[in-house]
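# Fold and geometry: a report
Chain residues, written in single-letter form:
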Amino acid sequence: QAQFVESGGGLVQPGGSLRLSCESTSVLLRVYDMGWYRQAPGKQRELVALLTIDANTRYTDSVKGRFIVSRDNAKNTMYLKMNSLKPEDTGVYFCNDGVAWGQGTQVTVSS
């Protein structure tokens, strides 16, 4: 049902910042709990940030204080602002509503 397009990834040095975007073309994001996930090679996909319809947020311990999840209802887009990036943040980042996934956007943190 839902269709998402992730963007904003790229190559960044340690300590740098990126902002990822997740645009929905099929559902209104404000009526679903939404999550940002990431997957590194050889590892399971993990939830890194959650944004609920009630504007509650939750982050995995490794990104607390560095990542901020938000949404723009007018643009029907969810964002993940990533600061102080570390090499261990490297992976493919996906957004998800509990059912559907986008294609993901690659984030590589390396010097």
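This section reports on the structure supplied with the text. Given the structure is predicted, the values throughout are model-derived calculations rather than measurements.

### Notes on the sheet that holds strand β6 (residues 57-59)
- Read across the open sheet, the six strands follow the order β2-β10-β9-β4-β5-β6; overall the sheet is mixed. One side of each edge strand has no neighbouring strand; the edge strands of this open sheet are β2 (10-12) and β6. Strand after strand, the sheet turns through a mean of 25° between neighbouring axes, direction not considered.
- Two elements, β2 and strand β10 (residues 105-109), share three bridges in a ladder whose sense is parallel.

### Points about the state of the cysteines
- Tallied over the entire structure, the rule returns one disulfide.
- With a sulfur-sulfur separation of 1.9 Å, Cys 22 is cross-linked through a disulfide to Cys 95. Sign of the S-S torsion, about 70° for the bond between Cys 22 and Cys 95, identifies this disulfide as right-handed. A residue pair is termed long-range when its members are at least 10 positions apart, and Cys 22 in strand β3 (residues 18-24) and Cys 95 in strand β9 (residues 91-96) qualify at 73 residues. Across this residue pair, the class does not change: Cys 22 and Cys 95 are buried.

The rules behind these values
- Residues numbered from 1 in each chain as written.
- Predicted model: local features only at pLDDT ≥ 70, side-chain atom pairs only at ≥ 80, totals over all residues.
- Heavy atoms only, no water.
- Pairing = 2+ DSSP bridges.
- Helix = DSSP H or I, 4+ residues; strand = E, 2+ residues; numbered from the N terminus.
- Axes fitted to C-alpha atoms, helices over the stretch in contact; angles between N-to-C directions.
- Disulfide = S-S within 2.5 Å.
- Buried < 20%, exposed > 50% of the residue type's maximum accessible area, 1.4 Å probe, protein only.

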